[in-house]
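Descriptive analysis of the structure
Single-letter residue listing:
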Amino acid sequence: MTLKQKTLISISITSIVITGLVFVYWSGVSYLLSKSQSIADSRVLIDTEIKRAHDVSLLKQQVLVARSQQEKVSQFFLQKDQIAPFLGYIESIGTSNSSLVTIDSVDILKGTKSNSLSVNFKISGTYQQVMTTLEYIEKIPYYSRVQKVTINISPGSGGGEITTIVDADGKSKQVKSAVTDALWSADVNLVIFSFIDVITAK
């Protein structure tokens, strides 16, 4: 084999090796680039999911806050299906103040924009018991008003003149003679303006 042939064979082999190395290099570069793009896409997907999870968490917190606020507001409204427990609550105010509260009537008053609930009841006991019970009823957590109060006295064993005190719209009549062991009673008309005349779904 001549020197020229050997040189040609050497050049050919070198070319093949260089071509192979170039192919391997570009294959590696392409693989790394594709992997890098895949990693970048994965990071974007992960960031998106993290943001979505964060948004869902914020939404849950907002729902909980809104629900809490709704529960706080709803405490100041009397619903139709809560009338019976409410009447029991009025009677319990009397019991806690050693007086007797007797419900006489309950009526739904139709209004132009909203309805209201009118409750007529009697409070019986000593003067202090009746007045204290009335004060507590005026502070119930609803938008309400005591529209009318009629106070009566029944004579006790000590006797005395019976006088009726009528308190309506700020006008009243005074008792002419005291009866120390008399039984006092108050006929009360209470109107609840924050009344919802529907039964809401729970």
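Analysis parameters
Residues numbered from 1 in each chain as written. Predicted model: local features only at pLDDT ≥ 70, side-chain atom pairs only at ≥ 80, totals over all residues. Heavy atoms only, no water. Helix = DSSP H or I, 4+ residues; strand = E, 2+ residues; numbered from the N terminus. Contact = heavy atoms within 4.5 Å. Areas by Shrake-Rupley, 256 points an atom, 1.4 Å probe, with all protein chains shown as cover. Axes fitted to C-alpha atoms, helices over the stretch in contact; angles between N-to-C directions. Parallel < 35°, antiparallel > 145°, perpendicular 65-115°, else oblique. Left-handed = near helix turned anticlockwise from the far one by under 90°. Nonpolar A, V, L, I, M, F, W, Y, C, P; charged D, E, K, R; others polar. pLDDT = per-residue confidence, 0-100. Core = buried A, V, L, I, M, F, W, Y, C linked by side-chain atoms within 4.5 Å. Buried < 20%, exposed > 50% of the residue type's maximum accessible area, 1.4 Å probe, protein only. Salt bridge = Lys/Arg side-chain N within 4 Å of Asp/Glu carboxyl O.

Our next topic: the overall build of the chain. The helix and strand tally for the chain stands at three helices and seven strands. Listing the helices and strands of the chain from first to last along the sequence gives α-β-α-β-β-α-β-β-β-β. Of all intrachain contacts in the chain linking residues separated by at least 6 positions in sequence, the fraction that spans at least 24 positions is 65%. Accessible area for the chain stands at about 14300 Å²; split by element, carbon and sulfur atoms hold 60% of it.

In contact at an axis separation of 9 Å, helix 2 (residues 83–96) and helix 3 (residues 127–137) are set at 140° when each is read in the N-to-C sense. Taken together, the axis directions place helix 2 and helix 3 in an arrangement best described as oblique. Of the two elements, helix 2 crosses helix 3, and the hand of that crossing is right-handed. Residues I90, I93 and G94 of helix 2 pack against T133, Y136 and I137 of helix 3. Per-class residue counts for the contact of helix 2 with helix 3 are four nonpolar, two polar and no charged.

Of the residues in the chain, 61% have a pLDDT of 70 or more, and the chain-wide mean is 75. Per-residue pLDDT, averaged within each element of the chain, yields its smallest value for strand 5 (residues 165–167) (53) and its largest for strand 3 (residues 116–125) (94).

Formed by 27 residues in total, the largest nonpolar core has its most connected members in F86, I90, F121, I123, I140, L190 and I192. Within the residue set of this core, elements represented by two or more residues are helix 2, strand 3, helix 3, strand 4 (144–154) and strand 6 (183–192). The contacts of F121, once residues within four sequence positions are left out, are I90, V101, T102, I103, D104, I137, A186, D187, V188 and L190.

One pass over the structure, following the stated rule, counts one salt bridge. Between K122 and D187 there is a salt bridge, and its shortest N-O distance comes to 3.9 Å. Of this pair, K122 sits in strand 3 while D187 is found in strand 6, placing the two residues 65 residues apart along the sequence. Classification of D187 as partly exposed rests on a relative accessible area of 27%.

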